[in-house]
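Tertiary structure, described
Residues per chain are reported as follows:
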Amino acid sequence: MNNSKALSQFAVNLKYEDIPAEVTEMAKKMAIQTIGAALAGKEMDFTKSVLDFAKKYSTGPADATVMLDGGKTSLLGAVFANSIIADNIDWEDCSWTGHPSAGLVPAALALAEARGKSGKEFLTAIVTGFEVYQRIAMVIQPPRGFKSNIGWGLTSWQIFASCAPAAKMMDLTPEQYEQALGIAAVLMAVPNSLVHYTMSNIYHYQHGFCAQDGVLAAMLAEHGVDGMTGAFDGPNGFGEHHLVSAQDTDWYQKELGSRWLIMETLFKHWPTNMWVQASLDIMDAFMKEDGITAGDIEEIIVDPPTERRMTLRPEGYDKIIEAQYSIPYCIAALLLDPTPGPQWYTDERMHDPELLALAAKVKPGPSGEQDLQVSFNIFQDGDFVNKTITVKCKDGRELTRSLNYPKGHPRNQLTLDEVCQRFRVQARNALSPERIEQVLDTLVNIEKLDSLSGIGEILH
């Protein structure tokens, strides 16, 4: 069986009853985490701008709900807006290949609402989407040793993260499903490094465009086209000519249906880049277990420093992404405000002299910088970069802690209860305490719902 047909038949034939209980629970946690990440950004100026843009330019029947806003818009418009805000505060989970959940969950949610799908179908679509997406992404991402001077395309290949669950929710035939993936391959954007070097918030918009186009590909296959099968097969297969040579094309079918790659996802404990997570976990332990406060700090040494993650801007941070990607900034933000959230990234906070002075005390350790691509390879191999932080206090104390697996790593995974507790933190500025518990009760028990046509009513 060729790769394209194997992926399509797996996706179309997968049933809720076929999926191990721990895998469906992981899909449930992914939904809670992603929706929570979207709700967390309610008060951010960028979120308001996204919602305004989506309302102005979305056309078509009002089929699905825009989270936070509560208004209904077209299916594509809801996927577009919800995918952007799901990535806005960088709090969604992270796979080996990027943030598929930012498009995957909004796509599955919008289709479930628009077509009245059941909770079991929703969870099945999430699992299907992740398993199909991750295998394609593992083939077409750059090979090991690649330097990202032409752009690392996580907001390109993530088109499959929305296409795969959408096509599942549309009940496409195996041939139509295969066509949907082929159309997504045609629509996929070319990676570009400009957004990374300018730290523009267009990066978040890329998630929206990518997710929208993935769903559009599935809709077009449902509408009817000719050809577009066999996208991942033979010498003309997508993975053979996508900018760089394909990695291991065996990934298309590697342990398909027996190894559930969704279980190897990292859930972010903090609203920061994934390579900042371990440092914040360590500092959190210093604060809770050793009683360390901002006033105690003489110097903080982070070892090994991660490539492009030790950026210090004494004049302040003008862009949220710069702050989210900075270990010094995030450590200082945590020390001054232990409850994570969008308040870490207000313009006032990012130019706060007290925070910037504290961030300047965070120094790189003696080890060489850890290359980001190498770090991802280590993550793919089931491990993680061991991080050590030494805190030198004004009173002469010198404390050291190390951590291999940050909270949320597959080897130190958040439980369902812990994901729910994080959701309460994420959603506290968007929903009332009563509504938060209503949402959690709905999501935790979502497999009991026969239709999700009313799901949008509680997400604002």
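Quick note: structure is the one above.
One structure accompanies this document, and this report is about it. (Residues numbered from 1 in each chain as written. Predicted model: local features only at pLDDT ≥ 70, side-chain atom pairs only at ≥ 80, totals over all residues. Heavy atoms only, no water.)

Quick look at the overall build of the chain now. Per the secondary structure count, the chain includes 20 helices and 6 strands. Over its C-alpha trace the chain gives a radius of gyration of 21 Å, about what one expects of a compact globule, namely 23 Å for 460 residues. Counting only C-alpha atoms and orienting by the principal axes, one finds that the chain spans roughly 70 × 50 × 40 Å. The buried share of the chain, reckoned over its 460 residues, is 59%. Within the chain, one finds 39 positive and 59 negative side-chain charges whose respective centroids are separated by 2 Å. (Helix = DSSP H or I, 4+ residues; strand = E, 2+ residues; numbered from the N terminus. Rg over C-alpha atoms; globule rule 2.2 N^0.38 Å. Buried < 20%, exposed > 50% of the residue type's maximum accessible area, 1.4 Å probe, protein only. Lys, Arg positive; Asp, Glu negative; His and termini not counted. Charge placed at Lys NZ, Arg CZ, Asp CG, Glu CD.)

On to the packing of helix α4 (residues 75-88) against helix α5 (residues 101-115). Interhelical geometry of α4 versus α5 gives an angle of 145° and a closest axis separation of 8 Å. Relative to α5, α4 is oriented so that their crossing is right-handed. Of α5, the residues touching α4 (which contributes Leu 75, Val 79, Asn 82, Ser 83, Ala 86 and Asp 87) are Ala 102, Gly 103, Pro 106, Ala 107, Ala 110, Leu 111 and Ala 114. Of the residues in the contact of α4 with α5, the class split is 9 nonpolar, 3 polar and 1 charged. (Axes fitted to C-alpha atoms, helices over the stretch in contact; angles between N-to-C directions. Left-handed = near helix turned anticlockwise from the far one by under 90°. Contact = heavy atoms within 4.5 Å. Nonpolar A, V, L, I, M, F, W, Y, C, P; charged D, E, K, R; others polar.)

All told, the structure shown has 16 aromatic pairs when counted by the stated rule. With a centroid separation of 5.2 Å and an interplanar angle of 90°, the aromatic rings of Trp 275 and Phe 376 are classed as edge-to-face. Of the two residues, Trp 275 sits in the loop between α12 (238-241) and α13 (277-289) while Phe 376 sits in helix α18 (residues 372-380), which places them 101 residues apart along the sequence. Side by side, Trp 275 and Phe 376 carry an identical accessibility label, which is buried. Ring centres of Tyr 329 and Tyr 345 lie 6.2 Å apart, and the angle between their planes is 20°; on these two criteria the pair is classed as stacked. In this pair, Tyr 329 sits in helix α15 (residues 327-336) while Tyr 345 sits in the loop between α15 and α16 (347-350), placing the two residues 16 residues apart along the sequence. We note that Tyr 329, like Tyr 345, is buried. An aromatic cluster is defined as three or more aromatic residues linked by ring pairs; in this entry it consists of Phe 46, Phe 53, Phe 80, Tyr 205 and Phe 209. Geometry around Trp 251 places Lys 254 over its ring, the cationic atom sitting 4.1 Å from the centre. Directly above the ring of Phe 286 sits Arg 401, whose terminal nitrogen or CZ lies 5.5 Å from the centroid. (Phe/Tyr/Trp six-rings, centres within 6.5 Å; stacked < 30°, edge-to-face > 60°. Lys NZ or Arg CZ within 6 Å of the ring centre and 35° of its normal.)

Taken together, the side chains of Asp 45, Glu 315, Asp 318, Asp 347 and Glu 348 define an acidic patch exposed on the protein surface. Tracing the sequence through the fold places Asp 45 in helix α3 (residues 45-57). The exposure class of Asp 45 is exposed, given its relative accessible area of 63%. (Patch = residues over 30% accessible without salt bridge, like charges linked within 9 Å, V, L, I, M, F, W, Y side chains within 5 Å. Areas by Shrake-Rupley, 256 points an atom, 1.4 Å probe, with all protein chains shown as cover. Salt bridge = Lys/Arg side-chain N within 4 Å of Asp/Glu carboxyl O.)

Attention shifts here to the pairing of strand β5 (residues 387-393). Taking burial as the measure, the 7 residues of β5 include 5 buried ones, the bulk of the element. The sheet contact formed by strand β3 (residues 297-303) and β5 spans 6 bridges and is antiparallel. From the neighbouring strand, Ile 300 faces β5, where its bridge partner is Val 391. Following β5, the chain reverses through 4 residues before pairing antiparallel with strand β6 (residues 398-403); Gly 396 in that reversal takes a positive phi of roughly 100°. (Pairing = 2+ DSSP bridges.)

Once that is clear, we can look at α5. The terminal C-alpha atoms of α5 lie 20 Å apart, and with 15 residues this matches the ideal 21 Å at 1.5 Å per residue to within 8%. When you tally the buried positions in α5, you get 13 out of 15 residues, the bulk of the element. At the C-terminal side of α5, Gly 116 shows a positive phi close to 65°. (Expected span 1.5 Å × (residues − 1).)

Under the counting rule described, the total for this entry stands at 22 salt bridges. A salt bridge links Glu 299 to Lys 392, with the shortest nitrogen-to-oxygen separation between them at 3.7 Å. Here Glu 299 is found in strand β3, whereas its partner Lys 392 is found in strand β5, with 93 residues between them in sequence. The class for Lys 392 is partly exposed, based on a relative accessible area of 29%.

Strands sit in the order β4-β3-β5-β6 across an open sheet of 4 strands; the sheet is mixed. The sheet is open, and its two borders are formed by β4 (362-364) and β6, each paired with just one other strand. Geometrically, the sheet is characterised by an average inter-axis angle of 20° between neighbouring strands, direction not taken into account. Contacts between α13 and the sheet are confined to β3, β5 and β6, with β6 contributing the most and set at about 135° to the helix. Across the sheet, α15 touches β3, β4 and β5, and the angle it forms with β3 is around 135°.

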